[in-house]
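Analysis of the macromolecular model
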Amino acid sequence: MKQIQWRSFGFGVLALSMLLFAAALITVLTGAYDVAADDRHTPLVGWGLDTTMRNSVQSRADNLTTPAFTPAMIASGAGEYKAMCQHCHGGIGAERAEWAGGMRPHPPALASAAKGWSPEEVFWLVKHGIKMSGMPAFGGSHDDPTIWNIAAFVKAMPTMSAERYAAYASEGGDHGNGDEAGQAHHN
Ligand code: HEC
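Report on the accompanying structure. Remember, predicted model here, so these are calculated numbers, not experimental data.

**Side note on the packing of aromatic side chains**
Evaluated as defined, the whole model comprises 6 aromatic pairs. Aromatic side chains Phe-123 and Trp-148 sit 4.1 Å apart centroid to centroid with 20 degrees between the ring planes, which places their arrangement in the stacked category. Taken together, the positions of Phe-123 in helix H6 (residues 119–128) and Trp-148 in helix H7 (residues 144–156) put the pair 25 residues apart, joining distant regions of the chain. No difference in accessibility class separates Phe-123 from Trp-148, as the two residues are buried. Both rings, one in Phe-153 and one in Tyr-168, keep their centres 5.8 Å apart while their planes meet at 85 degrees; by these two values the pair is edge-to-face. Residue Phe-153 is found in helix H7, and its partner Tyr-168 is found in helix H8 (residues 162–171); the two are separated by 15 residues along the sequence. For Tyr-168, a relative accessible area of 8% translates into the label buried. An aromatic cluster is present here, built from Tyr-81, Phe-153, Tyr-165 and Tyr-168 joined pairwise through their rings. The residue whose ring lies beneath Lys-82 is Tyr-165, and the NZ or CZ to ring-centre distance is 4.1 Å.

Calculation criteria
- Here the residue numbering is sequential within each chain, running from 1 through the sequence in written order.
- Local features in this predicted model are restricted to residues of pLDDT 70 or higher, and side-chain atom pairs are both shown and tallied only at a pLDDT of 80 or more, whereas totals for entire chains, interfaces and linings draw on every residue.
- Side-chain descriptors were evaluated using all non-hydrogen atoms of the structure, hydrogens and water having been removed beforehand.
- Think of it this way: a Phe, Tyr or Trp ring, Trp meaning its six-membered ring, pairs with another when their centres are within 6.5 Å, and the plane angle makes it stacked under 30 degrees, edge-to-face over 60, tilted otherwise.
- Starting at the N terminus, helices and strands are each numbered in turn, a helix being any DSSP run of H or I of at least four residues and a strand any DSSP run of E of at least two.
- Relative accessibility decides the category of a residue: with a 1.4 Å probe and only protein chains considered, values under 20% of the type maximum give buried, values over 50% give exposed, and everything between is partly exposed.
- By definition here, charges over rings are those cases where NZ of Lys or CZ of Arg is within 6 Å of the ring centre and within 35 degrees of the ring normal.

Set out below in C-alpha cells:
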C-alpha cells in the first residue's frame, strides 16, 4: 500500500516537471515573452533576474582582497569614471546621457547605488560586466590597478559633494569630462 502511494507521488512530480519544462520551452520557441526594453519585466522575472545577478556577483567577488584606497587612486578613478561611466550612470550633479534612460535594466545612479555593493563587488562588476544588461566588461581593456582606482572612486561617490565631483573633472584632464562626447569624436 505504502509503496503504491510513493509511486503515484513520483509520477505526479514527474508529470508536473514535464509540464513546466514544456511551458518554458513553448515560451522560448514561440516568442511569447516580450523582450522590448520599454516594456517592464513581470514581477517574477524581474525578481529572478535581479536576485540571480546579486548572488552571482556576491559569490564571485568573495575571494578578492581590496587594497587600501588612497586619495590619489580616487582622483585617478575619477578621470576614468567621467570618460567611461558617467554617460550611463550619471555623476553627482551630472545627468546621465538621454539615451541611457531608455535602457532596461536602467543603469542605476551609482552616487547612491554604490552603497549597496562592497569594494570587491564593484571591482568584479567593472572587470566582468553583467550579461544581457548593457553593463560592459572593462577587464579586456583595463588592468586590475586601473579597475581598483575606479572602484575606489565609485565607493567614494555616496559621500562626495557636487563641487568635489566637478573639481575632479579639471584634474582628470587626460580623458575629458564625459559631457564632451562631441569633442571626443574629433580626436
Ligand atoms: C552602456 C551603459 C553602461 C556603461 C558605459 C557602464 N555601465 Fe555599469 N551598468 C549598466 C547597467 C544597465 C547596469 C544594471 C545592470 C543590472 O541591474 O542588471 C549597470 C550596473 C552597474 C553596477 C551595479 C549597480 C547596481 O546596483 O546594479 C555597477 C557598480 C556599475 N554598473 C559600475 C559601472 C562603472 C564603474 C562603469 C564605468 C567603468 C560602468 N558601470 C559603465 C550600464 C553601463
